[in-house]
Amino acid sequence: MKGTHKNKWIAGVAAFLVMTAFTAHAQAATVFVSTAPANDPTAVMGTSDNPFTSIQAAIDDSNTNVGDTVSVDGSSGSYTGNVTLDKSVTLTTSNNASISGEIIVTAANSAVNGFTLSNVNGDTGIDVKAVDNVTVSNNNISNVGVLSDTNNANGIYIENGATNVTARGNTISNIASHPSAHGIMVGDSSSSTTATDSITLSNNTISFVSSEIKGGYGILINHVASHVSITGNIINNISSGGWTHAISLDFDTPNASISNNTITALSTTGTGDVAGIHFENDASLATTVSLSGNTVDGGTVATDTSKVAVNAAWATGVVAGSSVTGPDGASYTYGYNAFATLQAAVTAVSTNGTIVLGSDLTTTAQITISKGLTLNGGGFTIHPNFTKTDSTNNAAIGILNVTDAVTISDLKEDGTSGTNLHGINLFEAGNATFNNVSVANNQHTGISVNGSTLTVTNVSTSNDGWGGIDIDKPADATSATVLTINGTSTHSETTVDIIKDDNTRDVTLVDSNHQYTSKDVTNAGVTGTAYTLAPIVVTPVGSGGGSVSGGGSAGGGGAAVSTAVTTPAATTTTTTTTTAPTGQVLGAETFNFTAALASGAHGDEVMQLQTRLVADGFIVSKDGKFGPKTKAALMKWQKAHGLKADGVVGPKTRAALNAQ
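First, a word on what this report is: a plain description of the structure on this page. (Residues numbered from 1 in each chain as written. Predicted model: local features only at pLDDT ≥ 70, side-chain atom pairs only at ≥ 80, totals over all residues. Heavy atoms only, no water.)

## A word on the packing of helix α4 (residues 604-615) against helix α5 (residues 628-640)
Worth spelling out the cut-off: Here the axes come from fitting lines to C-alpha atoms, over the contacting stretch only for helices, and the angles between their N-to-C directions go from 0 to 180 degrees. Under the DSSP-based scheme used, a helix requires at least four consecutive residues in state H or I and a strand at least two consecutive residues in state E, with every element numbered from the N terminus. Should an angle lie under 35 degrees it is considered roughly parallel, over 145 roughly antiparallel, and from 65 to 115 roughly perpendicular; all remaining angles are considered oblique. Left-handed is the label given to a crossing in which the near helix is rotated counterclockwise from the far helix by less than a right angle, and right-handed is the label when the rotation is clockwise. The contact rule is simple, with two residues in contact once any of their heavy atoms fall within 4.5 Å. Three categories are distinguished: nonpolar for Ala, Val, Leu, Ile, Met, Phe, Trp, Tyr, Cys and Pro, charged for Asp, Glu, Lys and Arg, and polar for the others, with Gly belonging to the last.
Interaxial distance between α4 and α5 falls to 10 Å at its minimum, and their mutual angle equals 55°. In terms of orientation, α4 lies oblique with respect to α5. Where α4 crosses over α5, the handedness of that crossing is left-handed. On α5, the residues that touch Leu609, Gln610 and Leu613 of α4 are Thr630, Ala633, Leu634 and Trp637. For the contact of α4 with α5, the residue count by class is five nonpolar, two polar and no charged.

Written as structure tokens, this is what we have:
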């Protein structure tokens, strides 16, 4: 009996010891690394008495488990060679350990903390691969790359597909390369298949980043990234032989937040731009990107103004080329500059450049366009809030005396707050194109076309007092008026959809998709033509000012048509029943391009463009969506055909496509 009890007791103790050993094994442990001799060579490897002499050996050891901490002693000497963190552990240092090489993070749920790192013979300091939940903090990264290096250099590189990655409290300096150099780079511009998400870059100090011929960047967000937070960083002494951006969002960054960053000492010896905060192809800049508390000092806004933005919430109207010192808005750029008013952007943008709206705008005077340009409205609305004073101030937008191409796309105009205004007035505009433009609630005409050539695709007018569109050739206009209508039109007017004031004048309407019916109308003895999307009944009323009295170089449009034009009750608001691509298929392998295409566009013309690019040997997916790969392929095609490689199908590129 006593022996039985003894056996049971021994068995219980053994079970307790096994359980205790298992519990101890399951708990996170610290694994030690040191170049100093072991205090007790007989101890287990990785203990403080018998540390590993190699960082990689400590990580790779089978007794180093997920959740452990690998602690590297920096007091005993430096470490040479690349380190691959392929296990979910925390890599840290007890005495600021120094590594000559690269740390490559390939395991999720890991961290790198507190190291001094250099990698002169390599391209990157710390490289975070496409993994989740990684923290890189309080490291001193310097002397990565050299100016003669043919590869880009990165202090910290967070690759495509990484999610929930934080880089905070790091000091990054002396990052150099012959091409581009980046303090912190997120994503890869050559791929658009895997996005980065939830990236936090906070309280880092980034300085002395230099590129010999291309871009010098403090922080670059490449590819498609969402939920990026860039806050509290100090960025200074960024230079280049090409262009310099302290913080650059080069692709779409929905829900990004940029706050409380301090930026100083930006420069370039090249011809590119110098910008504190730069937006390139970022469709989300207006709706979801938040900016607050940033300061820029000692930089300059670029003199290259081929692309500018208008965002009333950000910009302070800094003129291109002027010194930048100040709080939010002083150096926020889309491409190269940002403005609080559209007229300021029109004045500053280079001829045939691009303006992108980033917010709704209210204007207290006519916005006058007298140079070739592209205005991408981004779906935002312009609200005129003023009264007509004379023939030069009688529309929300006036396109006047310009022979170069003017393209307006994805823009709305609402004249509710204006008095005696047209929505858009064209006079002697030789090559204007409107795509997806909507005008409404103007007391005079929605769109007034005078001595001009205008092509519209998917135009919409509503509740304009003198009709949707007026086409005329005033006495002081030297050019004929030609209006070409493509796509699908919508009108909701109480008077007439389109009116030609005087049939004796050189005025032509080309209805590509046969959407309209027409009837001659007489007004004060002058015969014109009314066009509507539905059958019309015309009843002359025998009085009114007519178009003759309404001409003039910027007046346009004529007075209200004194002819009653009625439609059946069922078609008061009308739409066409025919839809068609904006372009036209001319043969088995030929397509006539008509639309201006750029990043964010989609549809038939984009699909046809992609088909052409593939046929010409420039590989791109044929999905009908104008994304980064389509832009890159188009730029190569443009370069091969001797065109400006801007990745936009403008008039010259469209002509080259149609010529083949």
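That shown, we press on.
## Things to note about the pattern of salt bridges
To keep it simple, the criterion reads: Basic side-chain nitrogens of Lys or Arg form a salt bridge, by our definition, when they fall within 4 Å of a carboxyl oxygen of Asp or Glu. Burial classes: relative accessible area under 20% of the type maximum marks a residue as buried, over 50% as exposed, and values in between as partly exposed (1.4 Å probe, protein chains only).
Within the structure shown, the criterion is met by four salt bridges. Residues Arg505 and Asp502 are paired through a salt bridge, measuring 3.4 Å at the closest nitrogen-oxygen approach. Judged by its relative accessible area of 8%, Asp502 falls in the buried class. Three or more residues joined by partner-sharing salt bridges are found here, namely Asp127, Lys129 and Glu159.

## Some remarks on the packing of α5 against helix α6 (residues 651-659)
Where α5 contacts α6, the two axes come as close as 11 Å, and the packing angle between them is 75°. In terms of orientation, α5 and α6 fall into the roughly perpendicular class. Contacts from Leu634, Trp637 and Gln638 in α5 reach Thr653, Ala656 and Leu657 in α6. Broken down by class, the residue content of the contact of α5 with α6 amounts to four nonpolar, two polar and no charged.

## Quick word on the pairing of strand β10 (residues 124-128)
Just so we agree on the cut-off: Here the rule is simple: two strands pair whenever DSSP picks up at least two bridges between them.
Counting buried positions along β10 gives five out of five residues, so the element sits mostly inside the fold. Where β10 lies against strand β13 (residues 153-158), four bridges are found, and the strand directions are parallel. In the sheet register, Asp127 faces β13, and the bridge partner there is Tyr157.

## Looking at α4
Spelled out, the test is: An expected span of 1.5 Å times one less than the residue number is assigned to each helix. Starting at the helix axis, one direction is taken to each C-beta atom, and the arc is that of these directions.
The terminal C-alpha atoms of α4 lie 16 Å apart, and with 12 residues this matches the ideal 16 Å at 1.5 Å per residue to within 8%. Those residues of α4 that sit buried are Glu605, Val606, Leu609, Gln610, Arg612 and Leu613. Down the axis of α4, the sector holding all buried residues measures 160°, keeping them to one side. The elements touched by buried residues of α4 are β55 (591-592), α5 and α6. Gly617 lies just past α4 and shows a positive phi near 95°.

## Description of α6
Turning to α6, its buried residues number three or more, namely Thr653, Arg654, Ala656 and Leu657. The buried residues of α6 occupy an angular sector of 160° when projected down its axis, which confines them to one face. Exposed residues lying more than 90 degrees from the buried face of α6 are Lys652 and Ala659. Where α6 is buried, its residues meet α4 and α5.

## Digging into the sheet that holds strand β8 (residues 110-113)
Read across the open sheet, the 10 strands follow the order β1-β2-β5-β8-β11-β14-β17-β20-β23-β26; overall the sheet is parallel. Single-partner strands in this sheet number two, and they are β1 (30-33) and β26 (290-292). With strand direction ignored, the average angle separating the axes of adjacent strands in the sheet is 10°. Bridging between strand β2 (residues 69-72) and strand β5 (residues 90-93) involves four bridges; their strand directions are parallel. In the strand pairing of β5, Thr69 is matched with Thr90.

## Section: the pairing of strand β38 (residues 406-414)
Here strand β35 (residues 373-376) runs beside β38; their pairing, made up of four bridges, is parallel. Within the sheet, the bridge partner assigned to Leu373 lies in β38 and is Val406. For strand β36 (residues 381-384) and β38, the ladder comprises two bridges, and the chain directions are parallel. Each residue of the ladder has a partner; that of Thr381, found in β38, is Lys412. Strand direction decides the pairing type here: β38 and strand β40 (residues 432-440), joined by eight bridges, are parallel. When the bridges of β40 are listed, Leu411 appears paired with Val437.

## Things to note about the side chain of Thr363
The following threshold applies: In the analysis that follows, any N or O atom pair within 3.5 Å is treated as a polar contact, provided that within protein one partner can donate a hydrogen and the other can accept it, and provided that, for residues neighboring in sequence, both atoms belong to side chains.
Along the polypeptide, Thr363 turns up in strand β33 (residues 361-363). Using a relative accessible area of 11% as the deciding quantity, one classes Thr363 as buried. Only 2.5 Å separates the side chain of Thr363 from the backbone oxygen of Ala365, close enough to count as a polar contact. The residues contacting Thr363, other than those within four sequence positions of it, are Ile382, His383, Pro384, Asn385 and Phe386.

No statement about biological role is implied by the geometric values presented.
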